[in-house]
Amino acid sequence: MNLLEVRDLAVRFRIDETTTLDAVKGISFDVPVRSTVALVGESGSGKSVTALSVMGLLPKENASVSPSSRILYRGRELLTVGSSEMQKLRGAEIAMIFQEPMSSLNPVFTVGFQIGEVLRKHLGISGRALRDRAVELLSEVGIPEPQNRLEAYPFQLSGGQQQRVMIAMAIACEPKLLIADEPTTALDVTVQRQIMDLIAGLQERHEMAMLFITHDLALVSEIADHVVVMRDGEIREQAAASQLFRDPRDAYTRALLACRPPRERRPQRLPVIDDFLTGKGPPGGERRRGLTGGEPALLEARGLAKSFYFREGFFRSRELKAVKGASFRIAKGKTLGVVGESGSGKTTVALLVARLHQATGGEVRFEGRDLLAIDAREAMPYKRRIQIVFQNPYASLNPRFTVAQILTEPLLIHGIGADDGERRAMAGELLRKVGLPPESLEKYPHEFSGGQRQRIAIARALTLRPELLICDESVSALDVSVQAQLLNLLQDLQDEYAMSYLFISHDLAVVRYMADEV
């Protein structure tokens with residue numbers, strides 16, 4: 001028996017008065033009761049648009065669904081149901097975990113208030129019972145010190161912890177259908193396993209079905225009963241998970257399976273989708289890794305420490321030691337990998353090195369000079385030499401700027417390029433390098449998928465050709481093919497310009513491929 005049936009779903013977006021985009025092109029699939037169906041494909045393939053169509057969350061001002069399309073939930077047609085009825089279904093029976101928690105969580109409300117809002121609206125819980133249920137949910141998704149975290153704001157949590165709060169909100173009412181749009185992207189492998197075990201337990205207890213959207217094929221092979229592979233708004237292949245991984249029929253599916261960095265070796269270049277679709281096959285050659293011990297140091301951190309303070313009552317405050325005496329060295333032209341669970345202090349270390357947080361103690365020496373001991377004016381030249389790619393591209397890109405403005409602003413600030421035309425040409429070339437078409441220059445961040453936004457963030461960091469690039473989970477939100485393209489790009493830049501990387505990730509396969517030292 002099917003809980004959800006999608007038939008001939010076609011979604012079109014109006015870009016401007018004369019241009020339209022067919023994001024989804026007549027796809028059909030089913031989600032049976034108590035099963036997990038994985039929707040797999042590259043960013044921009046229509047996966048998230050399909051999920052938003054089921055939830056009734058497509059923007060009415062520029063999105064249209066074909067009249068012949070049908071979405072049936074327990075036999076009810078969702079595309080024609082009234083808005084008040086759809087509101088009752090959303091959250092209570094059909095819930096969604098969104099891809100980017102920082103853009104989905106309200107920054108001005110505490111975590112406890114936002115979880116409580118779901119419980120009040122759909123279950124009518126209030127008072128002490130509401131607080132107890134909120135604490136129970138935070139504990140269930142692995143948030144440490146859940147009582148204290150109720151009073152925290154989203155910006156006070158790590159990216160992985162924000163995603164766990166989103167999951168807690170989604171499962172609060174124990175829905176029958178859970179739509180998970182890249183729910184474990186920002187999580188380290190330990191918490192990823194914890195979350196997937198949690199969702200599996202909920203499925204078993206409450207007969208819950210799941211539409212699982214992801215680019216992580218390793219995860220799909222473990223949790224999915226059925227797999228639907230999408231590309232350019234169309235379904236290329238769908239089959240039982242065991243059959244698809246054992247004997248993929250479509251060339252595109254075979255290419256997706258081959259694009260992950262291998263654990264047993266380090267190829268010169270990672271294969272990308274086009275290598276397989278054009279019949280070239282994967283590139284050959286091995287890349288040497290490691291340090292000889294004689295490389296000059298570009299940056300050296302000694303005893304780096306950072307504490308945050310939380311108010312408790314009127315007169316007391318609580319200290320949270322995020323970084324405790326971290327010391328490391330980054331050699332010129334080499335990559336230092338930093339691995340750890342979410343909340344372990346990886347991002348805080350990156351922000352301290354980039355002078356975006358004020359350190360509590362320690363020093364960061366860049367070519368022998370302590371960056372933490374100089375004032376803002378003296379630090380200005382170093383901003384060009386040290387750039388960072390943030391974990392959440394939607395939060396780090398200005399929503400009111402076009403891509404052209406985002407990419408040319410650093411060039412303008414640092415006096416690079418003779419005029420606007422030259423700077424615009426440089427921006428277009430950077431977009432090409434990260435795999436985006438030149439017409440993207442005139443678009444705004446909200447018009448791109450999560451993976452495409454991350455590519456823009458990487459292009460912005462590369463505008464100044466820094467000597468040290470800090471990559472904070474910079475490829476974790478990307479599908480395997482684009483991830484391979486960008487890792488190849490980072491390698492090319494390192495080979496060409498002898499750049500150094502501080503590479504932060506929870507993906508051990510990616511760190512093994514990229515890092516000289518961990």
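Heads up: the structure comes first, above all this text.
Treat the numbers as computed from the prediction; the structure is a model and nothing was measured.

### A few points about the sheet that holds strand S13 (residues 316–331)
Then, number 1: In space, the four strands of this open sheet follow the order S13-S12-S15-S16, with antiparallel pairing throughout. The sheet is open, and its two borders are formed by S13 and strand S16 (369–370), each paired with just one other strand.
Then, number 2: When strand S15 (residues 361–366) meets S16, the two strands line up antiparallel, connected through two bridges. Paired with Phe 366 across the bridge in S16 is Arg 369.

### Looking at the sheet that holds strand S17 (residues 386–389)
Then, number 1: Pairing within the open sheet is parallel, and its four strands lie in the order S14-S19-S18-S17. The open sheet has two edge strands with one neighbour each: strand S14 (335–339) and S17. The mean angle between the axes of side-by-side strands here comes to 15°, regardless of whether they run parallel or antiparallel.
Then, number 2: Taken together, the five bridges between S14 and strand S19 (residues 500–505) define a ladder with parallel strand orientation. Note on S19: the bridge partner recorded for Gly 337 is Phe 503.
Then, number 3: Set on the sheet, helix H14 (residues 376–385) makes contact with S17 and strand S18 (468–472); between it and S17 the angle comes to about 55°.
Then, number 4: Set on the sheet, helix H19 (residues 480–497) makes contact with S14, S18 and S19; between it and S19 the angle comes to about 155°.

### A short note on the pattern of salt bridges
Then, number 1: With the rule as written, the count across this model stands at 24 salt bridges.
Then, number 2: We note a salt bridge from Glu 93 to Arg 74, for which the minimum N-O separation is 3.4 Å. Of this pair, Glu 93 sits in the loop between helix H2 (83–89) and strand S7 (94–97) while Arg 74 sits in the loop between strand S5 (70–73) and strand S6 (76–77), placing them 19 residues apart in sequence.
Then, number 3: Here Glu 367 ties to Lys 332 by a salt bridge, and the two come within 3.5 Å at their closest N and O atoms. Of the two residues, Glu 367 sits in the loop between S15 and S16 while Lys 332 sits in the loop between S13 and S14, which places them 35 residues apart along the sequence.
Then, number 4: Overlapping salt bridges bring together Glu 300, Arg 302, Glu 363 and Arg 365 as one network.

### Section: the pairing of strand S8 (residues 177–181)
Then, number 1: A large share of S8 lies buried, amounting to five of its five residues.
Then, number 2: Here S7 pairs with S8 via four bridges, running parallel. Note on S8: the bridge partner recorded for Ile 97 is Ala 180.
Then, number 3: Examined bridge by bridge, S8 and strand S9 (residues 209–214) share five bridges and lie parallel to one another. Within the sheet, the bridge partner assigned to Leu 178 lies in S9 and is Met 210.

### Overview of helix H1 (residues 47–55)
Then, number 1: Of all the nine residues making up H1, seven are buried; the element is thus mostly covered by neighbouring parts of the structure.
Then, number 2: Those residues of H1 that fall on the buried side of the exposure criterion are Lys 47, Val 49, Thr 50, Ala 51, Ser 53, Val 54 and Met 55.
Then, number 3: Once H1 ends, the next one or two residues include Gly 56, with phi positive near 70°.

What counts and how
Residues numbered from 1 in each chain as written. Predicted model: local features only at pLDDT ≥ 70, side-chain atom pairs only at ≥ 80, totals over all residues. Heavy atoms only, no water. Pairing = 2+ DSSP bridges. Helix = DSSP H or I, 4+ residues; strand = E, 2+ residues; numbered from the N terminus. Axes fitted to C-alpha atoms, helices over the stretch in contact; angles between N-to-C directions. Contact = heavy atoms within 4.5 Å. Salt bridge = Lys/Arg side-chain N within 4 Å of Asp/Glu carboxyl O. Buried < 20%, exposed > 50% of the residue type's maximum accessible area, 1.4 Å probe, protein only.

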